[in-house]
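Here are the chains, one letter per residue:
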Amino acid sequence: MDQYDDCWLRYDSPADGDRLDAYRRRCVHAYVSEGAPELAAVRDELRRAVPSLLGRDPHLWQHPPRTVDGFLAVGTPDEMAMVAESVPVDEVERFADGGYLLRSVEWEGMDCLVVTAASDRGLVYGTFHLLRLLSTGEPVDDLDVREEPAYANRVIDQWDTPFHRSVERGYGGESIFDWERLPDLRPRYEDYARLLASVGVNGIVLNNVNTEKPPRASANPAFDAFEGWQLLEPRRLEALTGLAALFRRYGIETYLSVNFAAPMLLGDCDTADPLDDEVRAWWERKAEEVYDLIPDFGGFLVKADSEGQPGPYDYGRDHAEGANAIAAALAPHGGRVFWRAFVYGSHDDRSVQAYETFDPLDGAFADNVTVQVKNGPIDFQPREPVSTLFGSMPKTDLALELQVTGEYTGQGVHAAYHHPMWTEVFEFDTHADGAGTPVKSLFGGDGEGVVGVGSVGEDRSWTGTHLAQSNLYAFGRAAWDPDRSTGTVTDEWVRQTFGTDGEVVDTVAGILRDSWAACVDYTTGGLGLMHMMHNGEELLENHYEPSPGEWPGYHGMTDDGVGVDRSAYAAQYPDPVADRYASVDDCPEELLLFFHHLPWEHELADGTTVVQRLYDNCFAGVEEAKRLRERWNSLDGRVDDRRHRHVAERFDEQVASAERWRDSLTATFYDYSGVADERGRVPAGDGAGSA
Ligand code: GCW
């Protein structure tokens, strides 16, 4: 009895007829190199997938067979003569790490398929690509696929809290990592590695960036991530070696979040000053200890001088000095520091602080430091403008931090698909190097890339609602290729997760495609408002229910208007962008109230007033949520009962939650503006019911 979903690796929708014959001809027999641990992962995956997809047990060969109709060959050109004879070797060897070639070839009269790469992780990715084609019923008779990752680093950050097994902002159950039982491994660890490798993820940070109990203890001690720093203790590091080896088999490097004050917490230093020789020596010794145990360890992730975590400011140093001290310890081992730019608290308008803090440090960070920046200046909102740091630090390695989990988008209950949001971020033209400098063009260096704040947990669904699995899948596919369209990524995921029935595919893909806009409408009212959620101290429940009254500084509502004058933030962009956002007439409507405080009855381009548009969006958001639910319910009997019922129940909650948001926001708009909704609709909370 499997305890959890196979997610998109179900391999349960086999082809039929000629297509199945073609698959069998080329893929039942497999000649797989034995060069590296990754190739064991390839053979294991074939043993899992081929029986259910092709109705045949795979025959794994250790030399090219001659007495069959055809076979699959997986290996590097220099390991397998048959491969070297079948592909342009020099081109393959020029691929970026992880790149692969997938080609249908005729070899000695047999119909063969070749998966080859210059690196072993590329063979893993190429094998999963082939299995994705078999799972979605795509032809394989005339393949000539060349794939290279757009970014060198495609990393999942876990906000898992060791020893409490909770996941901060995770909505799929407790942490899958049973930290106390390590080094014992659980099957779920390998299944997670498979899921990540199948979408090209090549790094995982195993623990929460909050590694020390914050000064404001939350109501729930399980969420006070105050043991994370202990993972650097020798016995904990030793216990991690098996887990790191497991991820290595899938081409995934292991990283750890560390506490900036570790030399004091773990060592006998009486300071963590990054310029102190003893502190630097402590980090060097610790790095040597880690790399003795995990030779291909990726490096450290640091959240410093943010939300109560210690940092260089405690010692009068800046972020570059702080990061560089730790980076110097990792450099001899090829390790990297990912240093987060999530800083706020010393400005009334928090949006300006990251740029003011980090932009002056451009060029000051060591070569093995990557500054990791959230997509927007606030905090993973359903919509916010792109961070001004993107494009402003050309001499610094940057990583884009996206949230896979739905902290502000329904928390694993609501259907809220993030790929459309991420596409908007990737495509945003920063004008950093004149027109035509989109965000997606900024992370091409070896030390750069895209990071996803993951969310999986112990629940059978891994992510809360099964539909939220799509965000983990989409993250990997977007980090591999930001140009792959939402339609393509979504279609892939739906077919592998719910089968190839056309009606099911179209319906689920449509739900996902429309879900983000609905979420923006009912949780913000649109027009650039955001961050109006409940923020109680009980971390378990906050950021889900509406509570605009807690946030006057974020929505700027007064009797005479709404929105916030964030001209200081707008001015941080290069001129064309700064001028556009600073102008009420030119600012895109979807961000208008992020950048401007306007009269409630300011007329928008179509003559509608701001307050009426806010009302309209809130009511529309609920209707959109109801339509999402109807579309899902129409699949009753076409999706297995267990998953259909589980998601349907969550859609009921999503609609009810959307109504609570609508009622709270519209009541607040009315309280401040005194302007009624011109359609006479009133929040249900008034007992009058809505039109
Ligand atoms: O998104 C917010 C969350 C915190 C998180 C923090 C961060 C890990 O509310 O739970 O802490 O930002 O990104 O560091």
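Procedures and definitions
- Residues numbered from 1 in each chain as written.
- Predicted model: local features only at pLDDT ≥ 70, side-chain atom pairs only at ≥ 80, totals over all residues.
- Heavy atoms only, no water.
- Domains from an automatic or database assignment.
- Contact = heavy atoms within 4.5 Å.
- Buried area = accessible area lost by both parts, 1.4 Å probe.
- Near = heavy atom within 4 Å.
- Polar contact = N/O pair within 3.5 Å; in protein donor to acceptor, adjacent residues only side chain to side chain.
- Areas by Shrake-Rupley, 256 points an atom, 1.4 Å probe, with all protein chains shown as cover.
- Nonpolar A, V, L, I, M, F, W, Y, C, P; charged D, E, K, R; others polar.
- Salt bridge = Lys/Arg side-chain N within 4 Å of Asp/Glu carboxyl O.
- Axes fitted to C-alpha atoms, helices over the stretch in contact; angles between N-to-C directions.
- Helix = DSSP H or I, 4+ residues; strand = E, 2+ residues; numbered from the N terminus.
- Parallel < 35°, antiparallel > 145°, perpendicular 65-115°, else oblique.
- Left-handed = near helix turned anticlockwise from the far one by under 90°.
- Pairing = 2+ DSSP bridges.
- Phe/Tyr/Trp six-rings, centres within 6.5 Å; stacked < 30°, edge-to-face > 60°.
- Buried < 20%, exposed > 50% of the residue type's maximum accessible area, 1.4 Å probe, protein only.

Attention shifts here to the domain arrangement of the protein. Here the protein is described as being made up of domain 1 (17-147), domain 2 (153-498) and domain 3 (519-689). The centre of domain 1, based on its C-alpha atoms, is set 33 Å off from the matching centre of domain 2. At the interface, 17 residues of domain 1 touch 20 residues of domain 2. Together domain 1 and domain 2 conceal approximately 1,600 Å² of surface at their shared face, both sides included; 49% is due to carbon and sulfur atoms.

The next thing to look at is the site of the ligand. Contacts to the ligand come from 14 residues, most closely from Glu168, Lys303, Arg340, Lys374 and Glu407. In this structure, an oxygen atom belonging to the ligand sits 2.5 Å away from a side-chain N or O atom of Glu168. Relative to its free-state accessible area of 340 Å², the ligand is covered by the protein chains to the extent of 97%. Among the residues making up the shell around the ligand, the classes are represented as three nonpolar, three polar and eight charged.

Taken as a whole, this structure holds 56 salt bridges when the rule is applied. Between Arg10 and Asp12 there is a salt bridge, and its shortest N-O distance comes to 2.9 Å. Each of Asp44, Glu45, Arg47, Arg48, Glu190, Asp191, Arg194 and Arg249 takes part in salt bridges that share partners, so that together they form one network.

This part takes up the packing of helix α13 (residues 469-480) against helix α14 (residues 486-498). Axis separation between α13 and α14 bottoms out at 10 Å; the angle between their running directions is 130°. As judged from the angle between their axes, α13 and α14 are oblique. As α13 runs across α14, the sense of the crossing is right-handed. Only Val489, Glu492, Trp493, Gln496 and Thr497 of α14 make contact with α13, whose side of the interface consists of Gln469, Ser470, Tyr473, Ala474 and Arg477.

A word on the side chain of Ser104. Mapped onto the secondary structure, Ser104 falls in strand β4 (residues 100-107). One polar contact links the side chain of Ser104 to the main-chain amide nitrogen of Leu143, over a distance of 2.7 Å. With sequence-adjacent residues up to four places away left out, Ser104 is seen in contact with Arg26, Cys112, Leu113, Val140, Asp141, Asp142 and Leu143.

Turning our eyes to something else, we now look at the sheet that holds strand β1 (residues 29-32). Spatially, six strands are ordered β2-β1-β3-β5-β4-β6 in an open sheet, and the strand pairing comes out mixed. Of all the strands in the sheet, just β2 (59-61) and β6 (144-147) have a single pairing partner and so form its edges. On average, each strand axis in the sheet is tilted by 20° relative to the strand beside it, whichever way the strands run. Looking at chain direction, strand β3 (residues 72-74) and strand β5 (residues 110-117) are connected through three bridges and run parallel. Bridged to Val74 within β5 is Val115. Strand contacts of helix α1 (residues 17-27): β1, β3, β4 and β5, with the helix running at about 65° to β5, the strand carrying the most contacts.

Within this structure, the stated rule accounts for 35 aromatic pairs. Plain terms: the ring middles of Trp422 and Phe475 are 6.2 Å apart, the flat faces sit at 85° to each other, and that makes the pair edge-to-face. Taken together, the residues span a long stretch of sequence, with Trp422 in helix α12 (residues 419-427) and Phe475 in helix α13 at a distance of 53 residues. Judged by relative accessible area, Trp422 falls into the buried class, the value being 1%. Residue class for Phe475 comes out buried when judged on its relative accessible area of 0%.

The next subject is unusual backbone geometry. Here Leu182 and Pro183 are connected by a cis peptide whose omega angle stands at 15°. Note that Pro183 resides in the loop between β9 (166-167) and α6 (187-198). One non-glycine residue with positive phi stands out, namely Glu108, at about 50°. Tracing the chain through its elements places Glu108 in the loop between β4 and β5. Of note in this structure, Phe380 is not a glycine but carries a positive phi near 50°.

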